[in-house]
Amino acid sequence: MKVGLLTFHNALNHGAALQAYALQQVIKDMGVDCEIINYVNEYRRDCDNALIRIKKELKKKNIYLAAKCCIGSLFLRCRRQQFLKFYNEHLHWTSTRFTSSKEAKRLNREFGKFVVGSDQVWNYNLNGTD
């Protein structure tokens, strides 16, 4: 049997990173093949994109937040590189990246079971109403 794990596998957040890693390890330690589903919708993809956030703030004529995003983007880039290094070394995810739930339906043929690894996956607002 193969298990598909749906969780925040690429958040720039220590709790999300450790939860994804630990849950995948526990499932593997049970002798079950487990892959994290590489699901990133457009909203989640754009959340950490500084350029998109800066443009959005400039459209709203919010110079202060645009400048804050500009400065923060330097730190965010470094943080992203550190998290990506951890994720690439320690997590095993699907080779295909899914960007919509409609597209991800084909996973029903690839996995015998699914585990949702984070309560935040169900947070409608955090996922852009997806």
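You'll find the structure just up there.
Got a minute to help me understand the overall build of the protein chain in this structure?
In terms of regular secondary structure, the protein chain is built from five helices and three strands. Along the longest, intermediate and shortest principal axes, the C-alpha atoms of the protein chain span 55 × 30 × 25 Å. Relative to its full complement of 130 residues, the protein chain shows a buried share of 32%. Contacts in the protein chain between residues far apart in sequence, at least 24 positions, make up 76% of those at least 6 positions apart. As presented, the protein chain carries roughly 8,700 Å² of accessible surface, and 56% of it is formed by carbon and sulfur atoms. Between the mean site of the 21 positive side-chain charges and the mean site of the 12 negative ones, the protein chain shows a separation of 7 Å.

Please clarify how the packing of helix 1 (residues 14–29) against helix 4 (residues 63–90) should be interpreted in this entry.
Helix-helix packing is described using two parameters, namely the angle between the two axes and the distance between the axes. Interhelical geometry of helix 1 versus helix 4 gives an angle of 5 degrees and a closest axis separation of 11 Å. In terms of orientation, helix 1 lies roughly parallel with respect to helix 4. Residues H14, A16, A17, Y21 and Q24 of helix 1 touch helix 4, and the partners they reach there are R79, F83, F86, Y87 and H90. Class assignment for the residues of the contact of helix 1 with helix 4 results in six nonpolar, three polar and one charged.

Looking at this structure, I do not really get helix 1. What am I missing?
Along an α-helix, a turn takes 3.6 residues, which lines up residues three or four apart on a common side. Compared with the 22 Å implied by 1.5 Å per residue over 16 residues, the 22 Å span of helix 1 between its first and last C-alpha is a close match. All of the buried residues along helix 1 are A16, A17, A20, Q24 and I27. One face of helix 1 carries all of its buried residues, which in axial projection span an arc of 115 degrees. More than 90 degrees from the buried face of helix 1, the exposed residues found are H14, L18 and D29.

Honestly, unusual backbone geometry in this entry has me stumped. Any pointers?
Excluding glycine, residues mostly have negative phi values, and the peptide bonds linking residues are mostly trans. In this structure, K61 takes a positive phi of about 60 degrees despite not being glycine. Position of K61 relative to the elements: it lies in the loop between helix 3 (50–59) and helix 4.

Can you walk me through the pattern of salt bridges in this structure?
Opposite charge on two side chains allows them to pair when their charged atoms are near. Following the criterion strictly, the structure yields three salt bridges and no others. K2 is the salt-bridge partner of E35, the closest N and O atoms lying 2.8 Å from each other. In this pair, E35 sits in strand 2 (residues 33–36) while K2 sits in strand 1 (residues 2–6), placing the two residues 33 residues apart along the sequence. Overall, K2 belongs to the partly exposed group, its relative accessible area being 25%. Salt-bridge contacts for E89 lead to K85; the nearest nitrogen and oxygen are separated by 3.8 Å. Separated by four residues within a single helix, E89 and K85 lie in helix 4, roughly one turn from each other. A residue is classified by how much of its surface remains accessible, and K85, at 53% relative accessible area, is exposed.

Help me out: how do you make sense of the nonpolar core in this one?
Soluble globular proteins tend to pack their nonpolar side chains together in the buried interior. Counting 13 residues, the largest nonpolar core has I27, I36, F83, Y87 and L91 as its most contacted members. Of all the secondary structure elements, the ones that give two or more residues to this core are strand 1, helix 1, strand 2 and helix 4. Look past the residues within four positions of L91 in its chain and what remains in contact with it is H9, A20, Y21, Q24, I36 and F86. The next biggest cluster of nonpolar side chains, apart from the first, holds six residues, and it includes I37, F98, L107 and F111.

Scoring rules and cut-offs
- Residues numbered from 1 in each chain as written.
- Predicted model: local features only at pLDDT ≥ 70, side-chain atom pairs only at ≥ 80, totals over all residues.
- Heavy atoms only, no water.
- Helix = DSSP H or I, 4+ residues; strand = E, 2+ residues; numbered from the N terminus.
- Buried < 20%, exposed > 50% of the residue type's maximum accessible area, 1.4 Å probe, protein only.
- Contact = heavy atoms within 4.5 Å.
- Areas by Shrake-Rupley, 256 points an atom, 1.4 Å probe, with all protein chains shown as cover.
- Lys, Arg positive; Asp, Glu negative; His and termini not counted.
- Charge placed at Lys NZ, Arg CZ, Asp CG, Glu CD.
- Axes fitted to C-alpha atoms, helices over the stretch in contact; angles between N-to-C directions.
- Parallel < 35°, antiparallel > 145°, perpendicular 65-115°, else oblique.
- Nonpolar A, V, L, I, M, F, W, Y, C, P; charged D, E, K, R; others polar.
- Expected span 1.5 Å × (residues − 1).
- Arc of directions from axis to C-beta.
- Salt bridge = Lys/Arg side-chain N within 4 Å of Asp/Glu carboxyl O.
- Core = buried A, V, L, I, M, F, W, Y, C linked by side-chain atoms within 4.5 Å.

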